[in-house]
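Observations on the three-dimensional arrangement
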Amino acid sequence: MARNPRYLPHPGAVVEITQRTVQGRFLLKPSPRLNALVAGCLARAQKLTGATVHAVAVLSNHFHLLASFDTVEQMSSFACHLKTNLSKEAGRLHDWEGPLFAGRYRSVPLSDEESVQLGRLKYLLSQGAKEGLVMSPRDWPGVHCANALLGEASIEGVWVDRTRLYAARQRDGQADEAEFSQVERLQLSPLPCLASRPESERRKVLRDMVEEIEAETLARHRLKGTAPVGVGSLVARDPHGRALHRLDKSPKPHFHASRHVYGSMMEAFRSFVVAYRGAAERLRAGDRGVSFPENCFPPGLPFVEPRPVEASPLECRARAVSDVSRRGS
């Protein structure tokens, strides 16, 4: 079945982006070096594309992002830059050849409802705690927005200009990587539903959310008689290892929205898909002047058959002589 085209309900829509590593391996395992590279790749992708990032959580085998985009092209460029460079840096660090991520990133637009946006923010903040790895989101040893959103830390990383570094090492094999590295800071912006509130009120909402996650995590462990895996076990993992339990492969929703709003968003999306599929059919039929819906990537142009090349008179005479010779023999 054909994949649905990338879609944004409107410019500036909030989108939840999720990406898992190949086979769920721990190739994003937290470490000081990888954390710096991850944060640097995130900040660089944000700087180059102008994307608005609201929240981020990078676990050992997947990451979550909440970000706003004006166009599908901006979203695609952001995800492409992030995944490409993160794949190279983590692969180089962990001696991993081949793709780092499994397939395309998953993008799910959010409605403008406050309850929906805060619900997805809480889900992202709970990463690490809800899996039973740490007791609090603040304890996660990798890149996580919890402390940054509470004003207790910032997300800073290192961006290495590999192009200039490679060229320098071609000239001088002793070129130092530090000379081609720079500190980048990820800018986190409040969700649209919180943007109009004073900063003190936003911090209180986030602090209450984190405390609620901590209370739920503690109650869950007490009920089951378990304890978090702990930071020591997390950082000691083999990055080439993988989780023992089966990975969740349930289908993603088209949108995160309340039931009423979901229906209206789906209706608009279906209209978009019908227009897109119709334009794609006309393009495949050879109509190069077909117009596609706004804010989408048209499919590739159809294959053009090569035209038969007419032989010159001299080539025709040579072929005729060859045919007569074959018949005579």
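Residues numbered from 1 in each chain as written. Predicted model: local features only at pLDDT ≥ 70, side-chain atom pairs only at ≥ 80, totals over all residues. Heavy atoms only, no water.

As for the pattern of salt bridges
Heads up, the condition is: The rule for a salt bridge is simple: a side-chain nitrogen of Lys or Arg has to be within 4 Å of a carboxyl oxygen of Asp or Glu. Secondary structure elements follow DSSP: runs of H or I of four or more residues count as helices, runs of E of two or more count as strands, with numbering from the N terminus. When accessible area is computed with a 1.4 Å probe and restricted to protein chains, residues below 20% of their type maximum are described as buried, those above 50% as exposed, and intermediate ones as partly exposed.
One pass over the structure, following the stated rule, counts 19 salt bridges. E214 is the salt-bridge partner of R138, the closest N and O atoms lying 3.9 Å from each other. With a gap of 76 residues between them, R138 in the loop between α3 (114-125) and α4 (146-149) and E214 in helix α6 (residues 199-224) connect regions that are remote in the sequence. Of the charged contacts in the structure, one is a salt bridge between E201 and R197, with a shortest N-O distance of 3.7 Å. Looking at E201, the relative accessible area reads 36%, which means it is partly exposed. Bridged by salt links that share partners, the residues R33, E89, R92, R162 and E177 form one connected network.

Observations concerning helix α1 (residues 32-49)
A turn of α-helix holds 3.6 residues, and therefore any two residues three or four places apart point the same way. Basically, it comes down to this: Under the convention used throughout, the expected extent of a helix is 1.5 Å for every residue step, that is, one less than its residue count.
For α1, with 18 residues, the first-to-last C-alpha span of 26 Å sits near the 26 Å given by 1.5 Å per residue. For α1, a buried count of 14 out of 18 residues is recorded, marking the element as mostly surrounded by other parts of the structure. Positive phi appears at G50, one or two residues downstream of α1, with a value of about 75°.

Things to note about the side chain of E16
For clarity, the threshold we go by: Any N or O atom pair separated by 3.5 Å or less is treated as a polar contact, with the protein-specific requirement of one donor-capable and one acceptor-capable atom, and with residues adjacent in sequence counted only for side-chain atom pairs.
Looking at where E16 falls in the secondary structure, it is placed in strand β1 (residues 13-20). Residue E16 is classed as buried on the basis of its relative accessible area, which comes to 3%. Within the structure, E16 has its side chain in polar contact with the side chain of R120 (distance 3.1 Å).

Some thoughts on the pairing of strand β3 (residues 62-69)
Going by this rule: Any two strands with at least two DSSP bridges between them are considered paired.
Among the 8 residues of β3, 8 are classified as buried, and the element is accordingly described as predominantly covered. Both faces of β3 are covered, namely the face carrying H62, H64, L66 and S68 and the face carrying F63, L65, A67 and F69. Here β1 pairs with β3 via 8 bridges, running antiparallel. Looking at β3, one finds that T18 is bridged to H64. Bridging between strand β2 (residues 52-58) and β3 involves 6 bridges; their strand directions are antiparallel. Residue A55 lies in a different strand from β3, and its bridge partner there is L66. In textbook terms, the turn of a hairpin is the stretch between consecutive antiparallel strands, and for β2 and β3 this stretch comprises 3 residues.

Section: the packing of α1 against helix α2 (residues 72-93)
Convention followed: Angles here are taken between N-to-C directions and fall from 0 to 180 degrees, while the axes themselves are lines fitted to C-alpha atoms, restricted in helices to the stretch in contact. Angle categories: roughly parallel below 35 degrees, roughly antiparallel above 145, roughly perpendicular from 65 to 115, and oblique for all the rest. Crossings are classed by handedness, with left-handed meaning an anticlockwise turn of the near helix from the far one by less than a right angle and right-handed meaning a clockwise turn. Here a residue-residue contact requires only that any non-hydrogen atoms of the pair lie within 4.5 Å. When residues are grouped by polarity, Ala, Val, Leu, Ile, Met, Phe, Trp, Tyr, Cys and Pro land in nonpolar, Asp, Glu, Lys and Arg in charged, and all others, Gly among them, in polar.
In contact at an axis separation of 9 Å, α1 and α2 are set at 155° when each is read in the N-to-C sense. By the angle between their axes, α1 is roughly antiparallel relative to α2. Once α1 is placed against α2, the crossing between them reads as right-handed. Here α1 contributes R33, L34, L37, V38, C41, L42, R44, A45, Q46, L48 and T49 to the contact with α2, which in turn contributes Q74, S77, F78, H81, L82, N85, L86, E89, A90 and L93. Here the contact of α1 with α2 is built from residues that sort into 12 nonpolar, 6 polar and 3 charged.

Things to note about the confidence of the model for the protein
Using the following cut-off: On a range of 0 to 100, pLDDT expresses the predictor's confidence in each residue.
Per-residue confidence for the protein gives a mean pLDDT of 90; residues scoring 70 or more make up 93%. When mean pLDDT is taken per element in the protein, β2 scores highest with 97 and helix α9 (residues 313-328) scores lowest with 64.

Quick look at the pairing of β1
Here β1 lies mainly inside the structure; 7 of its 8 residues are buried. Of the strand pairs in this sheet, β1 and strand β4 (residues 106-109) are connected by 4 bridges, and their pairing is antiparallel. The residue of β4 that forms the bridge with T18 is R106.

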